[in-house]
Amino acid sequence: MANSGVTNSQRSSLHGNWSSKLAFILAVTGAAVGLGNIWKFPYMVGMNGGGAFVVIYLVCVFVIGLPIMMSEIMLGRRGRRNPIATMRILGKEEVGHEKWVLAGIIGVFAGFLILSFYSVIAGWTLAYVFKAAANAFANTDATGISNMFDAFVGNPFVIGFWHTVFMTVTVFVVALGVEQGLEKAVQIMVPALLLLLLLLLGYAINSGGFMDGLRFLFQPDFSKLNGEIVLSAMGHAFFTLSVGMGSVMAYGAYLPQDASIVRISAAVVVADTLIALLAGLVIFPIVFANQLDPAEGPGLVFQILPLAFGQLAGGGLFGTLFFLLLSFAALTSAISLMEPTVAWVIESFRLSRKTAAIVVGFIIWLLGILTVLSFSTLKDMKLFKGTPFDNFDYLASNILLPLGGLMVAVFAGWIMCSDSSSDELDPAEGYIYRAWRLLTRFVAPAAVLIVFLHAIGVFE
Ligand code: PHE
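Here, residues in each chain are numbered from 1, in the same order as that chain's written sequence. Only residues with pLDDT of at least 70 get local features here, since the model is predicted, and only at 80 or more are side-chain atom pairs given and counted; chain-wide, interface and lining totals rely on the full set of residues. Side-chain figures throughout are based on the complete set of non-hydrogen atoms in the structure, without hydrogens or water.

Under the scheme used here, helices are H or I runs from DSSP no shorter than 4 residues and strands are E runs no shorter than 2 residues, and both carry numbers assigned from the N terminus. Within the chain one finds 20 helices and zero strands. We take the radius of gyration over the C-alpha atoms and set the globule estimate at 2.2 Å times the residue count to the 0.38 power. Here the C-alpha radius of gyration of the chain, 21 Å, is about what a compact globule of 460 residues would show, namely 23 Å. If you line up the chain on its principal axes, its C-alpha atoms span 65 × 50 × 45 Å. Per-residue accessibility, obtained with a 1.4 Å probe over protein chains only, is compared with the maximum for each type, and a residue is labelled buried under 20%, exposed over 50%, and partly exposed between these values. Expressed as a percentage of the 460 residues in the chain, the buried residues total 60%. Long-range contacts, defined here as pairs at least 24 residues apart, represent 83% of the contacts in the chain between residues at least 6 apart. Split by element, the accessible area of the chain, about 17100 Å² in all, is 68% carbon and sulfur. Within this scheme the basic residues Lys and Arg register as positive and the acidic residues Asp and Glu register as negative, but His and the chain ends are omitted. The location of each charge is read from NZ of Lys, CZ of Arg, CG of Asp or CD of Glu. Of note, the chain has its 24 positive side-chain charges centred 7 Å away from the centre of its 26 negative side-chain charges. Pairs of residues are marked as contacts when any of their non-hydrogen atoms sit within 4.5 Å. Each accessible area is a Shrake-Rupley estimate made with a 1.4 Å probe; only the visible protein chains count as cover when residues are assessed.

This is how it looks when you write it as structure tokens:
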């Protein structure tokens, strides 16, 4: 399986290499599995009408997301720098100019925007660890839990505080460069999260709403689809897999040459999808059993899961553990959102890792205040897509990530010569390479373009 990237084996990363393939798999899994799976996926499904959204999301994950993930890791491993420098180097190497650097810039900017709101929601998760531990969900009905949530997010000082705590921890980890130690914990965290979801699934099956939940999640009603919903499903596929912004590219830069990009990507994508579907299978039965609204929005998970924890024997303990694991999953994703920007700042401004992390973290924290206020003071704002949070999410997930992904696909499929790409993607697995090339050259770029054009109403 040894690969012979000649130019490449001589090029080593500025930030060291992963000690092993396992460390890399864990890092990418840690980046992919996060709030996107458990917080965002269920509420997006709920707001976009259920099954049809799920079908489009699944198609996008496997037809667009997976090949782009492979491409991104491949480009990262060839460039061995931060995403911006990688795209500059590879552009020069393949076509002699630096214009492809734009893909890296879009990615770094997207990560920046996403982390600004991601940290706020991760802060909610942290706060809910303590609520669960204090047994705040016991003896409370759906209205009580919903009121608790509204009062919580309606207080900008409280959620601002938790946003600050989360961002501080993230900066700390990135500044000290101790991610690799942390990634090892993913080995325990992801299976533990799965286990707790299975426990909750047991509760959901017995909730009385299981069939309704199942139908909502898996019975597609395609008449509910429109261009915007398809765009959201595609955007979410990018978001949940962490592709389109250089996260996995930055990680790929540290990947040993003999690791199979194909196998690693497939494993990560399957695990990520499984966790999201499981979260949906837990949430919607409880929604319908309690006659609640699936289209509740970003607060959905925080209003539904506490209901289950409030009623389960040992719910206080399970709830605490669950929100703790989710906070942790959010942390490993947040690190990957910050890494491209920090690596770029270090390499371009010759700052120390510590200074770079603190400066970048502070600016992201500041931007995050707008998301903090989106659930109170600015709640009724209707600028473009709504609140600042709505706009940041829309711009990053629905525009920047697909655009970044499109550029990665075009570069990997069309610009990079096939010698380079077949060299990187196990040549032994010929048919997989051909499938990747077909998807990357034609299917993924065409799909992204069509969805974009459809969303802006070109086909109406
Ligand atoms: N994929 C992460 C999640 O689902 C979020 C993320 C997006 C992380 C983009 C890195 C880059 O929570």
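Whether a residue is near a molecule or strand is decided by its heavy atoms; if any one of them lies within 4 Å of it, the residue is near. The local shell around the ligand holds 15 residues, among which Gly36, Tyr118, Phe239, Thr240 and Ser242 are the closest. Polar contact is defined as a pair of N or O atoms within 3.5 Å, subject to the rule that within protein one atom must be able to donate a hydrogen and the other to accept it, and that residues adjacent in sequence are counted only when both atoms are side-chain atoms. In this structure, an oxygen atom belonging to the ligand sits 2.8 Å away from a main-chain N or O atom of Gly36. One of the side-chain nitrogen or oxygen atoms of Ser242 is found 2.9 Å away from a nitrogen atom of the ligand. When the ligand is considered free in solution it has 320 Å² of accessible area, and contact with the protein chains removes 100% of it. Those elements that place two or more of their residues in the shell around the ligand are helix H2 (21-32), helix H3 (35-47), helix H12 (227-241) and helix H16 (315-349). Throughout, the ten residues Ala, Val, Leu, Ile, Met, Phe, Trp, Tyr, Cys and Pro are labelled nonpolar, Asp, Glu, Lys and Arg are labelled charged, and all others, Gly among them, are labelled polar. For the shell around the ligand, a count of residues per class yields seven nonpolar, eight polar and no charged.

Bringing helix H7 (residues 142-153) into the picture now. With twelve residues, H7 extends 17 Å between its outermost C-alpha atoms, agreeing within 8% with the 16 Å of an ideal straight helix rising 1.5 Å per residue. Those residues of H7 not exposed but buried are Ala142, Ile145, Met148, Phe149, Phe152 and Val153. Buried residues along H7 cover an arc of 130 degrees about the axis, so they all sit on one side. Take the number of residues in a helix, subtract one, and multiply by 1.5 Å to get its expected span. By definition, the arc is the one covered by directions from the helix axis to the C-beta atoms.

Here we take up the side chain of Asp272. With respect to the secondary-structure elements, Asp272 resides in helix H14 (residues 261-289). Once residues within four sequence positions are removed from consideration, Asp272 is found in contact with Ala32, Val33, Asn37, Thr240 and Leu241.

Only centres within 6.5 Å qualify two rings of Phe, Tyr or Trp (six-membered ring in Trp) as a pair; their planes then separate them into stacked at under 30 degrees, edge-to-face at over 60, and tilted for everything else. Counted according to the given criterion, the structure contains 29 aromatic pairs. For the pair Trp344 and Phe349, a centre-to-centre distance of 5.7 Å together with 80 degrees between the ring planes defines the contact as edge-to-face. By relative accessible area, which is 27% here, Trp344 ends up partly exposed. Over the ring of Phe239 we find Lys40, and its NZ or CZ is 4.1 Å from the ring centre. Geometrically, a charge over a ring is one whose NZ (Lys) or CZ (Arg) sits within 6 Å of the ring centre while staying within 35 degrees of the ring normal.

What follows deals with the nonpolar core. Inside soluble globular proteins, nonpolar side chains tend to come together where they are buried. Side-chain atoms within 4.5 Å are what join buried Ala, Val, Leu, Ile, Met, Phe, Trp, Tyr and Cys residues into a set we call a nonpolar core. Among the nonpolar cores identified, the biggest contains 158 residues, and Ile38, Leu75, Trp124, Phe322, Phe323 and Met338 are the most heavily contacted of them. Ignoring anything within four residues of it in the chain, the contact list for Ile38 reads Leu193, Leu197, Ile275, Ala279, Val301, Phe322 and Leu326.

What follows covers a nonpolar patch on the surface. Residues enter patches when their relative accessible area tops 30% and they take part in no salt bridge; the joining distance is 9 Å for like charges and 5 Å for the nonpolar side chains Val, Leu, Ile, Met, Phe, Trp and Tyr. One speaks of a salt bridge when a side-chain nitrogen belonging to Lys or Arg is within 4 Å of a carboxyl oxygen belonging to Asp or Glu. Residues Ile450, Leu453, Ile456, Val458 and Phe459 make up a contiguous nonpolar surface patch of about 490 Å² in total accessible area. Counting through the fold element by element, Phe459 comes out in the segment after helix H20 (430-455).

Moving on: the pattern of salt bridges. Throughout the structure, instances matching the rule amount to eight salt bridges. Between Asp393 and Lys40 there is a salt bridge, and its shortest N-O distance comes to 2.8 Å. Of this pair, Asp393 sits in helix H18 (residues 388-415) while Lys40 sits in helix H3; the two residues are 353 residues apart in sequence, bridging distant segments of the chain. Comparing Asp393 with Lys40, the two get one shared label, buried. Between Glu98 and Arg88 there is a salt bridge, and its shortest N-O distance comes to 3.5 Å. You can see Glu98 sitting in the loop between helix H5 (83-95) and helix H6 (101-133) and its partner Arg88 sitting in helix H5, a full ten residues away along the chain. Glu98 sits in the partly exposed class, given a relative accessible area of 33%. Bridged by salt links that share partners, the residues Arg77, Arg78, Asp423 and Glu424 form one connected network.

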